[in-house]
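The primary structure of each chain is shown beneath.
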Amino acid sequence: MKKLAKSKLFEVWSIIAKEHELFVPVEQEGESVNFSLWQEGEHVNLDHLKTNVSPKQIVFPQTETYLKFKTTGKKLSLENVGGKQAPYVLFGVRPCDAQSFALIDNVFLTEPVDRFYEERRNKGILVSLACSNPEETCFCQAFGITPGEAPQGVDVATWDMGTFLLWKPQTAKGESLTNQLNGVLEEALAQDEQDCQELQQDIQQKLKDLPLAKIDPKQITGDLKEIFDAKIWDEYSSRCLGCGSCTYVCPTCHCYDIRDFDGGKAGERFRCWDSCMFSEFTLMAHGNPRKTQKEKFRQRFMHKLVYYPNNNEGVYACVGCGRCMDKCPVNMNIVKVIKKLGGEKA
Amino acid sequence: MEKIAAKVREVAKQALASGAVTKILGWETGEFWYDASPVFITDEKAADSLIWDAFCVTNLSKYLIKELKTTQKIGVFLKGCDSLAFNQLLKDHRIDQEQVVIYGLPCPGMIDPEKVKKAGLHQGLLKVKRSGDELTFVTANGEKKVSSRSFDYDKCLRCRYPNPVVYQELIGEEIVRETSNEDRFADVSALENLSPEERYDYWTKQFSKCLRCNACRNVCPACSCEKCVFDNVAAGISGKATVDSEEQFFHIIRAYHVAGRCVDCGECSRVCPVGIPLHKLNHKIMKDMNELYGTYEAGVDGADKSPLVTYTLDDTDPFDGHRQGEK
């Protein structure tokens, strides 16, 4: 294990940014914090727990052009423009968000593999940051995430130890990044590692005291048909405004649409995020199988709590980050749904 | 507000028991100290779950469009701003007044949870009680009283109608508040003082944050089309791309579409997940309309006509009489 003095963060970022695009949590206009490209002078905020929008946009951009097309006379020319070119480092990603990448991987990296997504994942180095102070809307533990531990799959795991970050490379990519920073990183002492253990215990204790500590989707019993026909969908969907806030701030939602900018003789084909809340979602030539907000609302939660786990060895498609709770204009959210379906420990 | 909350439950129970209405639209509490969500009740026993506190910010009037299609008579709790929205929905022929019983709630202002969090008062917070401008922050370790409006939503600080403008029954007493017309469009004046280039940059930056989630549209009481043009695939403009041109197009079209019908409830800005100050667009249009055609406030009256749907020969020509059509 290594350690990175906070006073040397700027130096580290400068080194990383020489050969990579570096994404860090940046405070914008003194208001929200979001992952964006690091530049000298940006106000990086590593204390802020949840970025306003999830870092999903780095691996799965909201809008991504696939190809450009042009006709000259009778000749049609196509130009492939998709894919990520530059290697990048995502610095300070929280364990819930890191887990969300693994969930999206299950969708995009199984056959047929989504090449553009794969390229973005391969070009990225993830540096996670443990959550020293989980918030009241956090319920990642309901999905087996331990925000104090090093998340699986991240290249470097870090912990905020006050004056320094404890730095633990976990993969070959992580080792390689660590080597590049050799001049700045220091060796961690046995005491540091012991302090980290204490921090982890402290985090575990904090988790137990959170208001949503008892949320447990595994307590949801009943077969698919029973849940599908539950009364809750009528009751809760009637309050839903049908906007896409929850889906667009969600780190695990991954539905998309493919559209064209059609300029007549030239245009672009692009992929963009879609939302199951929208009226034209699943619209087909014959009409829409999900006619009302009830069906759309049900789909969102069935997907996360039933369909996805059925297809992925029981893993839920939610990481408990709580962003949807923060953002819903009418305070409807997945926790209310889980509770109503019986997903709570006694 | 707790005494009023008890009355809210009582009124709802009686209305359902007597058969005066068959459904009540109100609010219920949820997981957190700031959690209030709409609830629709048909059983009088369920009326016990109704609340009225400083977090009942959601406007229930727009739900009437959908609910009245299946329910003959509905009772609804409306604050001042919500009642403006109600009037506008009436005027837009989206709801039928005969089917609705309005229980008006004078509103002291709603609390913005973000402001409480920023002040660090949210740690261990269990409940926030409000009585006029006196707030009581209740934690497991005791209570802290603060007398201040500094936690109110910005939109509530600008509020000009704390009391409902239309109701069948007023619950509680009217709130007396000084409301100032002077600063109402200060946000617009600040933007107008910028150069066109600066202004363009300002809005481009704001719109570039847009996620195209449609929360602003869906919460808006003036956005009540059965099918929005942006949901109409056949129209060819339902672009979901987050590129400047699409974002600007969406917001400018929306602002113009609600021109003369926006009741200035500020919900668009409140619900925006990325914090775009959308109300400023509406304010700009209102300010211009007021300057051109005289003061008009949508929603205050349920029957008068907006200057944009009336025409008189001596109407000011915006390209002639009003700043000569300058940018």
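Residues numbered from 1 in each chain as written. Chains lettered and ligands numbered in written order. Predicted model: local features only at pLDDT ≥ 70, side-chain atom pairs only at ≥ 80, totals over all residues. Heavy atoms only, no water.

Re the overall build of chain A
Put simply, the rule reads: Only DSSP runs of H or I with at least four residues qualify as helices, and only runs of E with at least two residues qualify as strands; both kinds are numbered from the N terminus onward. The buried label goes to any residue with under 20% of its type's maximum accessible area, the exposed label to any with over 50%, and the partly exposed label to all in between, with areas taken from a 1.4 Å probe on protein chains only. Each accessible area is a Shrake-Rupley result for a 1.4 Å probe, and residues are judged covered by the shown protein chains and nothing else. By the counting rule applied here, Lys and Arg register as positive and Asp and Glu as negative, while His and the ends of each chain are not counted. Charge placement uses NZ in Lys and CZ in Arg. For Asp and Glu, CG and CD serve respectively.
For chain A, the count of helices and strands is 12 helices and 12 strands. Considering only C-alpha atoms, chain A reaches an extent of 65 × 65 × 40 Å along its principal axes. Split into buried and exposed, the 346 residues of chain A put 56% on the buried side. Counting every atom, chain A has about 15400 Å² of accessible surface; 49% of that belongs to carbon and sulfur. Looking at charge distribution, chain A has the averaged site of its 43 positive side-chain charges lying 6 Å from that of its 47 negative ones.

Overview of the overall build of chain B
Under the convention used in this document: C-alpha atoms define the radius of gyration in this analysis, and the globule rule sets the expected value at 2.2 Å times the number of residues to the power 0.38. Any two residues whose heavy atoms approach within 4.5 Å are treated as being in contact.
Per the secondary structure count, chain B includes 11 helices and nine strands. The C-alpha atoms of chain B give 21 Å as radius of gyration, which agrees with the globular expectation for 327 residues (20 Å, within 12%). Seen along its three principal axes, the alpha-carbon backbone of chain B occupies a region of about 60 × 45 × 40 Å. Sorting the 327 residues of chain B into buried and exposed places 54% on the buried side. Here the analysis covers contacts within chain B between residues at least 6 apart in sequence; of these, 69% occur between residues at least 24 apart. Here chain B displays about 15200 Å² of accessible surface, and carbon together with sulfur accounts for 51% of that area. Side chains of chain B give 43 positive and 49 negative charges; the mean places of these two sets differ by 4 Å.

Points about empty space enclosed by the protein
Residue and element names in this part refer to chain A. What counts here: Two kinds of site are reported from a 1 Å grid over the protein atoms alone, namely cavities, where a 1.4 Å probe fits but cannot get out, and pockets, open sets with protein on both sides within 12 Å along at least five of seven lines, and residues are called lining when an atom falls within 4 Å of a point. Grid points are joined across faces, edges and corners, and a volume is the space filled by probe spheres set on the points.
On inspection of all chains with the given rule, the structure shows eight cavities of 30 Å³ or more. One number sums up the size of the largest cavity: a volume of about 140 Å³. Together, 17 residues line the largest cavity, and Cys240, Cys246, Phe297, Cys328 and Met332 are the ones closest to its centre. Every element with two or more residues in the lining of the largest cavity is listed here: helix 9 (245-249) and helix 10 (293-311).

Points about the sheet that holds strand 12 (residues 266-273) of chain A
All names here are of chain A. Applied cut-off: For two strands to pair, DSSP has to find at least two bridges joining them. Lines fitted to the C-alpha atoms define the axes, with helices restricted to the stretch that makes contact. Angles between their N-to-C directions range from 0 to 180 degrees.
Overall, antiparallel pairing links the four strands, which are arranged 5-4-12-11 in an open sheet. The two strands at the open ends of the sheet, each matched to only one other strand, are strand 5 (75-80) and strand 11 (256-262). Within this sheet the neighbouring strands show an average axis-to-axis angle of 20°, counted without direction. Sheet analysis places strand 11 next to strand 12, joined by seven bridges and oriented antiparallel. Among the inter-strand pairings, aspartate 262 is bridged to a residue of strand 12, identified as glycine 267.

A word on the sheet that holds strand 9 (residues 164-169) of chain A
Residue and element names in this part refer to chain A. On the basis of which strands lie adjacent, the open sheet formed by eight strands has the order 3-2-6-7-8-9-1-10 and mixed pairing. What marks the edges here is a single partner per strand, and that holds for strand 3 (33-37) and strand 10 (186-187). In the sheet, strand 1 (residues 2-5) pairs with strand 10 via two bridges, with the strands oriented antiparallel. The residue of strand 10 that forms the bridge with lysine 3 is glutamate 186. Strand contacts of helix 3 (residues 95-108): strand 6 (88-93) and strand 7 (124-129), with the helix running at about 135° to strand 6, the strand carrying the most contacts. Its contacts with the sheet put helix 5 (residues 172-180) on strand 1, strand 6, strand 7, strand 8 (156-160) and strand 9, and the angle it makes with strand 9 is roughly 130°.

Some points on the interface of chain A and chain B
What counts, and what does not: The term buried area means the drop in 1.4 Å probe accessible area that two parts suffer when joined, counted for both and summed. For salt bridges, the criterion is a side-chain nitrogen of Lys or Arg within 4 Å of an Asp or Glu carboxyl oxygen. Polar contact is defined as a pair of N or O atoms within 3.5 Å, subject to the rule that within protein one atom must be able to donate a hydrogen and the other to accept it, and that residues adjacent in sequence are counted only when both atoms are side-chain atoms.
Contact residues are listed per partner, giving 39 residues for chain A and 41 residues for chain B. Summing both sides of the interface, chain A and chain B together bury roughly 3300 Å²; the carbon and sulfur share of this comes to 50%. Of all residues in chain A, Glu136, Arg239 and Leu241 of chain A give up the largest surface area on contact with chain B, accounting jointly for 17% of the area buried on that side. Across the chain A-chain B interface, the total number found is seven salt bridges. Residue lysine 240 of chain B pairs with aspartate 257 of chain A through a salt bridge whose shortest N-O separation is 2.8 Å. If you look at where chain A meets chain B, you find 19 residue pairs in polar contact (both at pLDDT 80 or more).

Some remarks on unusual backbone geometry
All names here are of chain A. For the bond from glutamate 111 to proline 112, the omega torsion is -5°, close enough to zero to count as cis. Within the fold, proline 112 resides in the loop between helix 3 and helix 4 (115-123). Its identity is not glycine, yet glutamate 313 carries a phi of approximately 50°, on the positive side. When you line up the elements, glutamate 313 lands in the loop between helix 10 and helix 11 (323-327).

Examining helix 6 (residues 190-208) of chain A
All names here are of chain A. Condition: Expected span of a helix, by definition, is 1.5 Å for each gap between consecutive residues, and there is one gap fewer than residues. Here, the arc refers to the directions that run from the helix axis to the C-beta atoms.
A rise of 1.5 Å per residue sets the reference length of helix 6, with its 19 residues, at 27 Å; its end C-alpha atoms lie 28 Å apart and thus fit the reference within 8%. Residues of helix 6 that are buried: Asp192, Cys196, Leu199, Ile203 and Leu207. Viewed along the axis of helix 6, the buried residues span an arc of 80°, placing them on a single side of the element. Opposite its buried face, helix 6 presents the exposed residues Ala190, Gln201 and Lys208, each directed more than 90 degrees away. Of the surrounding elements, those touching the buried residues of helix 6 are strand 1, strand 8 and strand 9.

Some points on the confidence of the model for chain A
Threshold: Residue-level confidence of the predictor is summarised by pLDDT, bounded by 0 at the bottom and 100 at the top.
Residues at a pLDDT of 70 or more form 100% of chain A, whose mean pLDDT is 94. Within chain A, strand 7 of chain A carries the highest mean pLDDT (98), whereas strand 11 of chain A carries the lowest (90).

A short note on the pairing of strand 6 of chain A
Residues and elements named next belong to chain A. For strand 6, the buried fraction is high: six of the six residues fall into the buried class. As defined by bridge partners, strand 6 adjoins strand 7 across five bridges and the pair is classed as parallel. Within strand 7, the residue paired with tyrosine 88 across the bridge is glycine 124.

Remarks on the nonpolar core
We count it as follows: For our purposes a nonpolar core is just a set of buried Ala, Val, Leu, Ile, Met, Phe, Trp, Tyr and Cys residues, chained together by side-chain atoms within 4.5 Å.
With 158 residues, the main nonpolar core has Phe139 and Trp233 of chain A together with Ile24, Trp52 and Phe77 of chain B as its most contacted residues. For this core, the element with the most residues is helix 1 (residues 2-18) of chain B, which contributes seven residues. Apart from the residues lying within four places of it in its own chain, the contact partners of tryptophan 233 of chain A are Ile227, Phe228, Lys294, Phe297, Arg298, Phe301, Met302, Val337 and Leu341 of chain A. One finds Trp13, Val24, Val89 and Phe91 of chain A within the second-largest nonpolar core, a separate group that totals 23 residues.

Considering the pattern of salt bridges
Charged atoms that come close allow side chains of opposite charge to pair. Residue and element names in this part refer to chain A. Applying the stated criterion to the full structure yields 48 salt bridges over all chains. With a shortest N-O distance of 2.5 Å, aspartate 229 and lysine 225 are connected by a salt bridge. A relative accessible area of 45% means that aspartate 229 is categorised as partly exposed.

So, the pairing of strand 3 of chain A
The side chains of a regular strand alternate between the sheet's two faces. Residues and elements named next belong to chain A. A large share of strand 3 lies buried, amounting to four of its five residues. For strand 2 (residues 21-27) and strand 3, the ladder comprises five bridges, and the chain directions are antiparallel. The residue bridging valine 26 from the neighbouring strand is asparagine 34, located in strand 3.

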